[in-house]
Amino acid sequence: MDELALLILDGQSTQTVLQKVVDLVARVMPGVWDVSMTVVRNDQPTTAACTGQRAQALDETQHRQGRGPCVEAAIGGHVIEISDGRTETRWPDYMPAFLNAGALSLLAVPVPAAQLSAGLNVYVSEVEAFSEEDRQTIARFADFAAVALTNIDALQDARELAENMRSAMEFRAVIEQAKGILIERHKLTADQAFRLLAEASQRANRKLRNVAEDLVLTGEL
């Protein structure tokens, strides 16, 4: 948890942060076989991070089938535990792949992020592998992942807003420069200069900004 608390989100991607989470879960939980993170965007589940190919393969089996403990924990928002895969009956289509991979226990904990559904999945090759302390520890990791995902999404939204504002300011600046050229050259009003740019844009079937940029750079409309 100390390592996660020191993690600087700026400059990180969603995938790198979630990979850090699953790697730490695998490191601190005794007997863990594999760890993965399911993220659901636009009703499509994907494995956003994992510690091994076995977990990814089991996750992807659920994604293809459209159901399974990890998918249901992420979408339903409740903890799902398999204590002994040999006697589990809830997912008959999925359990053969689960057992064939060598897994016997699973804990899938929802990650309560603000803008998406996600789940932290811990696979173990022993039966009845999770104590109450284990469940609480994994839940704490899931809570951190939720905060990180929410903050990264907010950071990305802020970046996109800043970029849109910058583009809008550049767009407005070049339009004003082009209008100034036309006003000076043809003794037009500001409205007349803008209409002239708009007409040129329509005739050439080009964006108004591109027509204005050409005028500023070449002096030709």
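## Re the overall build of the protein chain
- Counting secondary structure elements, the protein chain contains eight helices and five strands.
- Taken from N to C terminus, the helices and strands of the protein chain fall in the order α-α-β-β-α-α-β-α-β-β-α-α-α.
- Looking at the protein chain as a whole, 40% of its 221 residues qualify as buried.
- Residue pairs in contact within the protein chain that sit at least 24 positions apart in sequence constitute 54% of those at least 6 positions apart.

## Observations regarding the packing of aromatic side chains
- Per the counting criterion, the structure on display carries three aromatic pairs.
- The interplanar angle of 75° and the centroid separation of 5.9 Å between the aromatic rings of Trp 33 and Tyr 123 together place this pair among those described as edge-to-face. Of this pair, Trp 33 sits in strand β1 (residues 32-41) while Tyr 123 sits in strand β5 (residues 117-124), placing them 90 residues apart in sequence. The pair formed by Trp 33 and Tyr 123 is uniform in burial state, with each residue classed as buried.
- Grouping aromatic residues by their ring pairs yields a cluster made of Trp 33, Tyr 94, Phe 98 and Tyr 123.

## Here's the deal with empty space enclosed by the protein
- Taken as a whole and judged by the stated rule, the model has one cavity of 30 Å³ or more.
- In this structure, the largest cavity is lined by Met 29, Pro 30, Gly 31, Val 32, Val 124, Ala 129, Phe 130 and Asp 134.
- Partitioning the lining of the largest cavity into residue classes produces six nonpolar, one polar and one charged.

## What about the packing of helix α3 (residues 53-65) against helix α4 (residues 69-76)?
- Orientation of α3 relative to α4, taken along the N-to-C sense of each, is 70°, at an axis distance of 8 Å. In terms of axis orientation, α3 runs roughly perpendicular to α4. Seen from α3, the contacting residues are Asp 59, Gln 62 and His 63; seen from α4, they are Pro 69, Cys 70 and Val 71.
- Grouping the amino acids of the contact of α3 with α4 by side-chain chemistry returns three nonpolar, two polar and one charged.

## So, the sheet that holds β1
- Sheet architecture is open: five strands sit in the order β2-β1-β5-β4-β3, paired in antiparallel fashion. The outermost strands of the open sheet, each flanked by one partner alone, are β2 (44-50) and β3 (80-82). Pairwise comparison of adjacent strand axes, ignoring direction, gives a mean angle of 20° for this sheet.
- Two elements, β3 and strand β4 (residues 105-111), share three bridges in a ladder whose sense is antiparallel. Bridge pairing in β4 places Ile 82 opposite Leu 106.
- Packed onto the sheet, helix α2 (residues 14-28) meets β1, β2 and β5 and runs at close to 150° relative to β1.
- Seen against the sheet, α3 touches β1, β2 and β5 and runs at an angle of roughly 40° to β1.

## Topic: unusual backbone geometry
- If you check the backbone angles, Glu 128 has positive phi at about 45° while not being a glycine.
- The topology assignment puts Glu 128 in the loop between β5 and α6 (132-186).

## A short note on the side chain of Asn 121
- Inspection of the secondary structure puts Asn 121 in strand β5.
- Among the polar contacts made by the side chain of Asn 121, one reaches the side chain of Thr 38 at a distance of 3.0 Å.
- Those residues in contact with Asn 121, other than ones at most four positions away along the chain, are Asp 34, Val 35, Ser 36, Met 37, Thr 38, Asp 59, Cys 70, Leu 106, Leu 107 and Ala 108.

## Quick look at the nonpolar core
- In terms of nonpolar packing, the biggest core is built from 31 residues, with Leu 18, Val 25, Met 37, Val 111, Leu 120, Val 122 and Ile 138 touching the most fellow members.
- Looking at this core, the elements with two or more residues in it are α2, β1, β2, β4, β5 and α6.
- Looking at this core element by element, the count peaks at eight residues for α6.
- Those residues within four positions of Val 122 in sequence are excluded, and the remaining contacts are Val 25, Val 32, Asp 34, Val 35, Ser 105, Leu 106, Leu 107, Phe 130 and Ile 138.
- Counting residues in hydrophobic clusters, the runner-up holds 15 residues, among them Trp 33, Ile 82, Tyr 94 and Leu 106.

Conventions and cut-offs
- In every chain, residue numbers begin from 1 and rise along the written sequence.
- Per-residue local features of the predicted model are confined to residues with pLDDT of at least 70, and side-chain atom pairs are confined, for both listing and counting, to 80 or more; whole-chain, interface and lining totals are unaffected and use all residues.
- As a rule here, side-chain values cover all heavy atoms of the structure and leave hydrogens and water aside.
- In this text, helices come from DSSP runs of H or I with a minimum length of four residues, and strands from runs of E with a minimum of two, each type numbered from the N-terminal end.
- When accessible area is computed with a 1.4 Å probe and restricted to protein chains, residues below 20% of their type maximum are described as buried, those above 50% as exposed, and intermediate ones as partly exposed.
- Only heavy atoms enter the contact rule, under which two residues are in contact if any of them lie within 4.5 Å.
- When two rings of Phe, Tyr or Trp (its six-membered ring) have centres within 6.5 Å they constitute a pair, described as stacked for plane angles under 30 degrees, edge-to-face for angles over 60, and tilted for the intermediate range.
- Lining residues are those with an atom within 4 Å of a point, where the points come from a 1 Å grid over the protein atoms alone and group into cavities, where a 1.4 Å probe fits but cannot get out, or pockets, open sets with protein on both sides within 12 Å along at least five of seven lines.
- Grid points are joined across faces, edges and corners, and a volume is the space filled by probe spheres set on the points.
- Side-chain classes follow a simple rule in which Ala, Val, Leu, Ile, Met, Phe, Trp, Tyr, Cys and Pro form the nonpolar group, Asp, Glu, Lys and Arg form the charged group, and the remainder, Gly included, forms the polar group.
- Axis geometry follows a simple rule: fit a line to the C-alpha atoms, using only the stretch in contact for helices, then measure angles between N-to-C directions, giving values from 0 to 180 degrees.
- Any angle from 65 to 115 degrees is called roughly perpendicular, while one under 35 is roughly parallel, one over 145 is roughly antiparallel, and all others are oblique.
- Here a strand pair is declared whenever DSSP counts at least two bridges between the two strands.
- Any pair of N or O atoms that falls within 3.5 Å is considered a polar contact. Within protein, one atom must be able to donate a hydrogen and the other to accept it, and sequence-neighbouring residues count only if both atoms are side-chain atoms.
- The nonpolar core is taken to be a set of buried Ala, Val, Leu, Ile, Met, Phe, Trp, Tyr and Cys residues, with the residues joined through side-chain atoms within 4.5 Å.

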